[in-house]
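Structure assessment
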Amino acid sequence: MKKLLIPVVLGVLALGTIGSVNAAPIAAADKSVEKPFSVKVGAHWSNKGQANDDQGVTALSAGVDYAFAKSSAEAPYLPSVYADYAGGSHKGGHLNTYGAGVAAKIYAQTPSGATASGASLYYGAGVGVYRLEDKNTYGGVITSKTSTSVGGKVLVGAEISGNYFVEGNYTLLPKVNGANPSGFGLQVGIRF
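Since the structure is predicted, the reported quantities are computational estimates derived from the model, not experimental observations. (Residues numbered from 1 in each chain as written. Predicted model: local features only at pLDDT ≥ 70, side-chain atom pairs only at ≥ 80, totals over all residues. Heavy atoms only, no water.)

**Here we look at unusual backbone geometry**
Positive phi outside glycine occurs at Lys 91, with the angle close to 50 degrees. Despite not being glycine, Asn 177 shows a phi value in the positive range, around 55 degrees.

**Notes on the sheet that holds strand 7 (residues 164-172)**
How we decide: Only strands joined by at least two bridges in the DSSP assignment are considered to pair. Put simply, DSSP marks the helices as runs of H or I at least four residues long and the strands as runs of E at least two long, and each gets a number from the N terminus on. Orientation is described by axes fitted as lines to C-alpha atoms, over the contacting stretch for helices, and by angles from 0 to 180 degrees between their N-to-C directions.
Strand order in the closed barrel formed by eight strands is 1-2-3-4-5-6-7-8, with antiparallel pairing between adjacent strands. Within the sheet, the average angular offset between the axes of one strand and its neighbour, ignoring direction, is 25 degrees. As judged from the nine bridges shared by strand 1 (residues 37-46) and strand 8 (residues 183-191), these two strands associate in the antiparallel manner. Residue pairing in the sheet places Lys 40 in a bridge with Gly 189 of strand 8.

**Side note on a nonpolar patch on the surface**
Keep this limit in mind: Each patch is built from residues that are more than 30% exposed by relative accessible area and take part in no salt bridge. Like charges join if they lie within 9 Å; nonpolar side chains (Val, Leu, Ile, Met, Phe, Trp, Tyr) join within 5 Å. Surface exposure here means Shrake-Rupley accessible area, sampled with a 1.4 Å probe, where a residue is shielded only by the protein chains that are shown. Any carboxyl oxygen of Asp or Glu within 4 Å of a side-chain nitrogen of Lys or Arg constitutes a salt bridge here.
On the surface, Phe 37, Val 39, Val 64, Tyr 66, Phe 68, Val 81, Val 102, Val 127, Val 150 and Phe 192 cluster together into a nonpolar patch covering about 870 Å² of accessible area. Along the chain, Phe 192 turns up in the segment after strand 8.

Below is the structure:
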């Protein structure tokens, strides 16, 4: 049941995000973005089991994205391209994921910007190509496998004055070498 529930929830959230983007006039997404680059760093917690044996319970995560347009709406959406990393090593093994794709971020209100006070909430989703690398040393037998596959993510966040933000996400990825790298992430970052 759990294996079915997570993809269904992610699919509904992604469709909701895409639907929100499509609800706004596409022609309106032609405004330039004042601070189009985002850089973020934080932690990633994979599903339990072999993933935790290979990378440890808490792994490093980092990402960059570039928003290439925005709507002119009071609550804008920003289509972007992204590159993400999550991974770590534990007891001689490791599990690393590298992803690149396209995403849409939708603000619930006007972004906070460099001088505004308060926070601007947003949500979004992305889909891309992910390279998965796993080395397992459990039981004294070393197995390694690398694969490339399609994956996705959903995210929610809050942008704080000064263009700093806090973002939570769930990345859905296929298994590699018996390890499931899907999981939750929490990151802090800045737009510039």
